[in-house]
Amino acid sequence: QVQLVESGGGLVQAGGSLRLSCDASGRTFNIYRMGWFRQAPGKEREFVAAIRTGGGSTYYADAVKGRFTISRDNAKNTVYLQMNSLKPEDTAVYYCAAELDYSPRHFSPLEYDAWGQGNQVTVSS
């Protein structure tokens, strides 16, 4: 099993920055890819970014491309999401997730096997 614990959310003004962290524990050697998703009130959970644990290939949603950066520290079993130029529409609960087996649908929450508890990010205008 894989356990994920997130940290780093909070309140920031528009244009500001935040960094989210996700610490993985357990059978981390089984993780193929790590992802970040977000869910705003009344909306479905949506893909934000993902990174392969081997090789480091990254994927981004169009809405965050150029503003957010996903990175990993395999030695620490930690994945980060650096969020710059934040906008009020980025307000959501952010979740990290672990995918254990390869899937071409890295953007689908259904492909991920373990989830963090969620962390609130609020961007004020």
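Residues numbered from 1 in each chain as written. Predicted model: local features only at pLDDT ≥ 70, side-chain atom pairs only at ≥ 80, totals over all residues. Heavy atoms only, no water.

Concerning the overall build of the chain
Each helix and strand counted, the chain has zero helices and eleven strands in total. Of the regular secondary structure in the chain, the N- to C-terminal order runs β-β-β-β-β-β-β-β-β-β-β. For the chain, whose C-alpha radius of gyration is 13 Å, the value lies close to the compact-globule estimate of 14 Å for 125 residues. Across the 125 residues of the chain, 43% fall into the buried class. Summarising the internal contacts of the chain: among those between residues at least 6 apart in sequence, 56% fall at separations of at least 24. Accessible area for the chain stands at about 6400 Å²; split by element, carbon and sulfur atoms hold 47% of it. In the chain, the 13 positive side-chain charges and the 12 negative ones have mean positions that sit 4 Å from each other. (Helix = DSSP H or I, 4+ residues; strand = E, 2+ residues; numbered from the N terminus. Rg over C-alpha atoms; globule rule 2.2 N^0.38 Å. Buried < 20%, exposed > 50% of the residue type's maximum accessible area, 1.4 Å probe, protein only. Contact = heavy atoms within 4.5 Å. Areas by Shrake-Rupley, 256 points an atom, 1.4 Å probe, with all protein chains shown as cover. Lys, Arg positive; Asp, Glu negative; His and termini not counted. Charge placed at Lys NZ, Arg CZ, Asp CG, Glu CD.)

Here's the deal with the nonpolar core
Counting residues in hydrophobic clusters, the biggest one holds 33 residues, and the most contacted among them are Leu4, Trp36, Leu81, Met83 and Tyr94. Elements with a minimum of two residues in this core: strand S1 (2-7), strand S3 (18-26), strand S4 (33-39), strand S5 (46-52), strand S7 (68-73), strand S8 (78-83), strand S9 (92-99) and strand S11 (119-124). Every residue in contact with Leu4, bar those within four places of it in the chain, is listed here: Cys22, Asp23, Ala24, Met34, Cys96, Ala97, Ala98, Ala114, Trp115, Gly116 and Gln117. (Core = buried A, V, L, I, M, F, W, Y, C linked by side-chain atoms within 4.5 Å.)

What to know about the pattern of salt bridges
Evaluation of the coordinates by the stated rule reveals six salt bridges. Between Arg38 and Glu46 there is a salt bridge, with the nearest N and O atoms lying 2.6 Å from each other. With its nearest N and O atoms 2.8 Å apart, the salt bridge here joins Asp90 to Arg67. Of this pair, Asp90 sits in the loop between S8 and S9 while Arg67 sits in the loop between strand S6 (58-60) and S7, and the two are 23 residues apart along the sequence. Ionic contacts of the salt-bridge type, sharing partners, join the residues Arg38, Glu46, Arg67 and Asp90 into one network. (Salt bridge = Lys/Arg side-chain N within 4 Å of Asp/Glu carboxyl O.)

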